[in-house]
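# Residue-level structure breakdown
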Amino acid sequence: QVWLVESGGGLVQAGGSLRLSCEASGSIFSINRQAWYRQAPGKQRELVASITFSGTINYADSVKGRFTISRDNAKNTVYLQMNGLKPEDKAVYFCNLDRGGAWLDVWGRGTQVTVSS
């Protein structure tokens, strides 16, 4: 079993910043890929950012230049630094990881990010 716990969300004004954390625990032997997703009301879950074992990083166009993904594999933790937040960034943010074969078919409860105008 693998547990994913997201934290760091909250309510901020437009232009503000938040730092999200995702801690993974349980049957983890290695981490090859990690990612952040978000899901806004009435919308599909969206890939926000990902990072591979080699450090290759990709961002959704909507967050490029504002968000930064990073990790500490010794702690089985991935972070998402969010700057210049916009109202359209409002969503529940989730993380996921790939231990070598595929993305986990489990999700944490997510952390709510709300941005006021």
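Here goes a summary of the coordinates provided. (Residues numbered from 1 in each chain as written. Predicted model: local features only at pLDDT ≥ 70, side-chain atom pairs only at ≥ 80, totals over all residues. Heavy atoms only, no water.)

## Some details on the sheet that holds strand β2 (residues 10-13)
Ordered by their spatial adjacency, six strands build an open sheet running β2-β10-β9-β4-β5-β6, and the pairing between neighbours is mixed. The open sheet has two free edges, formed respectively by β2 and β6 (57-59), since each of these has just one partner strand. Sheet twist, expressed as the average angle between the axes of neighbouring strands with direction ignored, equals 20°. In this sheet, strand β9 (residues 91-98) lies alongside strand β4 (residues 33-39) in antiparallel orientation, the contact comprising seven bridges. Bridging from a neighbouring strand, Trp36 pairs with Cys95 of β9. (Pairing = 2+ DSSP bridges. Helix = DSSP H or I, 4+ residues; strand = E, 2+ residues; numbered from the N terminus. Axes fitted to C-alpha atoms, helices over the stretch in contact; angles between N-to-C directions.)

## Points about the state of the cysteines
All told, the structure shown has one disulfide when counted by the stated rule. Across the disulfide, Cys22 is cross-linked to Cys95 (sulfur-sulfur distance 1.7 Å). Since a negative S-S torsion denotes a left-handed disulfide, the Cys22-Cys95 link at about 45° is right-handed. On the criterion of sequence distance, the pair formed by Cys22 in strand β3 (residues 18-26) and Cys95 in strand β9 is long-range, its members being 73 residues apart. (Disulfide = S-S within 2.5 Å.)

## Comments concerning the nonpolar core
Among the nonpolar cores identified, the biggest contains 29 residues, and Leu4, Trp36, Val48, Phe67, Leu80, Met82 and Tyr93 are the most heavily contacted of them. Looking at this core, the elements with two or more residues in it are β1 (2-7), β3, β5 (46-52), β7 (67-72), β8 (77-82), β9 and β10 (111-116). Residues within four places of Tyr93 in sequence aside, it is in contact with Glu6, Leu20, Trp36, Tyr37, Arg38, Val48, Phe67, Leu80, Met82, Gly110, Thr111 and Val113. (Core = buried A, V, L, I, M, F, W, Y, C linked by side-chain atoms within 4.5 Å. Buried < 20%, exposed > 50% of the residue type's maximum accessible area, 1.4 Å probe, protein only. Contact = heavy atoms within 4.5 Å.)

## Topic: unusual backbone geometry
A negative phi holds for most residues other than glycine; trans holds for most peptide bonds. Even without being glycine, Asn76 reaches a positive phi, approximately 50°. Tracing the backbone through its elements, the reader meets Asn76 in the loop between β7 and β8. Here Asn76 falls in the partly exposed class, since its relative accessible area comes to 22%.

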